[in-house]
Amino acid sequence: MTKTVRITWGAASARRLERQFLAMSARTGTPVADVAGAMLGVHAQVLSAAELSLGLRTDGVTRADVRTSLWPTGSASAPASTAPSTPASTAPSASASTAPSLVKTHGPRGTVHLLPARDLPMWCAALPAISGGPGPFPSGVRLTRRQAEEVVAAIGDALDGTFLTIDELGDEVVARTGPWAGDLVMPAFQTMWPRWRQALHLAGQSGALCFGPNRGRKVTYTRPPRITPLRSDEALRLLVLRYLHTYGPATPQHFARWLAAPPAWAGALYDRLAAAGEIEQADFEATGAAQAWVVTGDTAFPGGPEQEDLLRGVRLLPYFDAYLIAAQPRELLFPGAAYQRALAGGQAGNFPVLLVDGVAAGVWHQRRRGRRTTVTVEPLGRLTARQERELAARVDRVGEVLEARAELVVGEVTVGAHA
């Protein structure tokens, strides 16, 4: 196949920033689910970081808007009592007329993400179809495939129309499956977890489980809106096309790294889509001899003054922001000293990142105290007066999203990498 498109790193970065609402934020009134969909999910292991990822891309959005999109029938906390016996009619339910537009669940790499509810048919078919190994546990501990299916079904049944804590959910799963599910066999945090918890992320990826609002300090779970998953081949096709639309040009290895999938599996998937004419090769200077791909026909990239305008500016990205995780090659996104300072052993996302003109140029950290938050920014180089003004405005926006008054401090970030 003849390579037809020549793409520079700057052109690719400019288009990625534009398509992720980082070059220009989404206008006031844009649903946060639309922004989350453009990002292909929002990492939400730390919910405040997910709120920032969305809020910093969308004019006027605050953390309250994100939580309302997740839990429109409730407030910031789950009901005080949502025991298994609570009738579905009295508990917030995914089938209610005010169904969520966002769902907090297990997404790419098995990690917690905010996903648009309308995209669940794709995610809940694609993620379970990713080729994987037998798991980290020995055969006497590991769930069999049939046991995993039983647990996932039990989780979905138990969570239908209610919110349960992890202990309440465990009781229901064991009651629906058998004592084997409750065997304390999984080493975890100096204790032992029951066997069934091996399938917790599978339940999330399959559409049987999502997170509810906290009940005090306790996490709750519920069932997301019921969906009919796509066929797995169609779901994977859509996932690749959407990934390349947002993050292309990209190699199969980049796609595999983003999903934590086997590179050979990703390569075979790309080969099938190339044979079907869905994707085409691109001569991407950043990958050298490695084959990079774009969606067929999606070959327009900015150049000249337009490219410079899209790249120019100071941006603050929080922990595990989607752009930091997915944009590749990573050594170009984190050039020079940024590779050592802003990455943890080459892993992106462990530090909030200062972007300057499209590349990592520092780290930052915010510490909240009541209605105030101190944002400490550590640039790796000297900022111009214009960039300093932009940085101050970005910090003010962080405060707006978090519904706090923000104070900027320029200096060393002493907090280590996020675990």
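Sequence order sets the numbering: in each chain, residues are counted from 1 along the sequence as written. Whole-chain, interface and lining totals are the exception, using all residues; otherwise, since this is a predicted model, local features are given only for residues with pLDDT of at least 70 and side-chain atom pairs are given and counted only at 80 or more. The side-chain values count all of the structure's non-hydrogen atoms but skip hydrogen atoms and water molecules.

Glancing now at the environment of Leu244. Put simply, DSSP H or I for four residues or longer makes a helix, DSSP E for two residues or longer makes a strand, and each gets a number counted from the N terminus. Within the fold, Leu244 resides in helix 9 (residues 232-247). Sequence spacing of Leu244 and Ala199 is 45 residues, and the spatial spacing of their C-alpha atoms is 30 Å. Here a residue-residue contact requires only that any non-hydrogen atoms of the pair lie within 4.5 Å. Setting aside anything within four residues of it in sequence, one finds Leu244 in contact with Arg15, Ala250, Tyr270, Ile279, Trp293, Val294 and Val295.

Now for the sheet that holds strand 12 (residues 353-356). Strands are labelled as partners when DSSP assigns at least two bridges between them. Strand order across the open sheet formed by five strands is 11-12-13-14-15, with mixed pairing between neighbours. Because the sheet does not close on itself, it has two edges, and the strands there are strand 11 (314-317) and strand 15 (405-410). Across the sheet, the mean angle from the axis of one strand to that of its neighbour is 30°, orientation sign disregarded. Pairing analysis gives three bridges linking strand 12 to strand 13 (residues 359-369), with the strands arranged antiparallel. Residue Val353 lies in a different strand from strand 13, and its bridge partner there is Val363. Lines fitted to the C-alpha atoms define the axes, with helices restricted to the stretch that makes contact. Angles between their N-to-C directions range from 0 to 180 degrees.

With that out of the way, let us pick up helix 2 (residues 32-39). The buried count for helix 2 comes to seven of eight residues, which makes it a mostly enclosed element. When accessible area is computed with a 1.4 Å probe and restricted to protein chains, residues below 20% of their type maximum are described as buried, those above 50% as exposed, and intermediate ones as partly exposed. Regarding helix 2, the residues found buried are Val32, Ala33, Val35, Ala36, Gly37, Ala38 and Met39. Looking one or two residues beyond helix 2, the residue adopting positive phi is Leu40, at roughly 60°.

A separate point is the packing of aromatic side chains. The aromatic pairing rule takes the rings of Phe, Tyr and Trp, using the six-membered ring of Trp, and pairs them if the centres are within 6.5 Å, calling planes under 30 degrees apart stacked, those over 60 edge-to-face and the rest tilted. Overall, the coordinates contain eight aromatic pairs when judged by the stated rule. Between Phe189 and Trp193 the ring centres are 5.8 Å apart and the planes differ by 50°, which places this aromatic pair in the tilted class. Relative accessible area serves as the criterion here: at 72%, Phe189 is assigned to the exposed category. When the ring of Phe255 is compared with that of Tyr270, the centres are 5.8 Å apart and the planes differ by 55°; the resulting orientation is tilted. Placement of Phe255 in helix 10 (residues 252-259) and of Tyr270 in helix 11 (residues 263-275) is noted, with a sequence separation of 15 residues between them. Phe255 gets classed as buried once you look at its relative accessible area, which sits at 0%. We classify Tyr270 as buried; its relative accessible area is 1%.

Attention shifts here to the sheet that holds strand 3 (residues 102-106). In spatial order, the strands read 2-4-3; together these three strands make up an open sheet with antiparallel pairing. Each end of this open sheet is capped by a strand with a single partner; those strands are strand 2 (42-43) and strand 3. Lying over the sheet, helix 2 contacts strand 2, strand 3 and strand 4 (112-116), oriented at roughly 115° with respect to strand 4.

Predicted coordinates in regions of low pLDDT should not be interpreted in detail. What pLDDT conveys is the predictor's confidence in a given residue, as a value from 0 to 100. Here the chain averages 92 in pLDDT, and 92% of its residues register 70 or above. This model gives residues 75-97 a pLDDT under 50, and the stretch forms 39 contacts once residues within four places in sequence are excluded.

What follows concerns the nonpolar core. Only buried residues count toward a nonpolar core. Its members are Ala, Val, Leu, Ile, Met, Phe, Trp, Tyr and Cys residues joined through side-chain atoms within 4.5 Å. Within the largest apolar cluster, 111 residues are counted, with the highest numbers of intra-cluster contacts made by Leu114, Leu169, Phe255, Trp258 and Phe334. With eight residues, the single largest contributor to this core is helix 9. Each residue touching Trp258, except ones within four places of it in the same chain, is listed here: Leu40, Pro108, Arg109, Trp123, Leu239, Tyr243, Ile325 and Ala326. If you look at the next biggest cluster of nonpolar residues, it comprises 17 residues, including Val314, Trp364, Leu402 and Ala406.

Turning our attention to the pairing of strand 9 (residues 279-284). By the criterion of burial, strand 9 is predominantly enclosed, with five of the six residues buried. Where strand 9 and strand 10 (residues 292-295) come together, four bridges link them in antiparallel fashion. By the bridge assignment, Ile279 is partnered in strand 10 with Val295.

This next bit is on helix 4 (residues 63-70). Taken together, the buried positions of helix 4 are occupied by Val66, Ser69 and Leu70. Down the axis of helix 4, the smallest arc covering the buried residues is 100°, so these residues share one side. Its buried side turned inward, helix 4 meets helix 2, helix 3 (47-55), strand 3 and strand 4. The arc in question is the one traced by the directions running from the helix axis out to the C-beta atoms.

Right, let's get into unusual backbone geometry. A cis amide bond links Gly248 with the next residue in sequence, Pro249, at an omega value of 0°. Structurally, Pro249 is set in the loop between helix 9 and helix 10. Each neighbour pair has its own omega, and for Gln328 with Pro329 the value is 0°, a cis peptide bond. For Pro329, the position within the fold is in the loop between helix 13 (322-326) and helix 14 (330-333). One non-glycine residue, Phe189, lies in positive phi territory at about 50°. Structurally, Phe189 is set in the loop between strand 5 (184-188) and strand 6 (191-194).

This part is about the pattern of salt bridges. Salt bridge criterion: a side-chain nitrogen from Lys or Arg within 4 Å of a carboxyl oxygen from Asp or Glu. Using the criterion set out here, one finds 22 salt bridges in the structure. Residues Asp283 and Arg6 are paired through a salt bridge, measuring 3.3 Å at the closest nitrogen-oxygen approach. Of this pair, Asp283 sits in strand 9 while Arg6 is found in strand 1 (residues 6-7), placing the two residues 277 residues apart along the sequence. The exposure class of Asp283 is partly exposed, given its relative accessible area of 26%. The partner of Arg215 in a salt bridge is Glu168, with the nearest N and O atoms 3.2 Å apart.

Its place among the elements puts His254 in helix 10. With residues near it in sequence (within four places) discarded, His254 still touches Tyr243, Thr287, Gln328 and Pro329.

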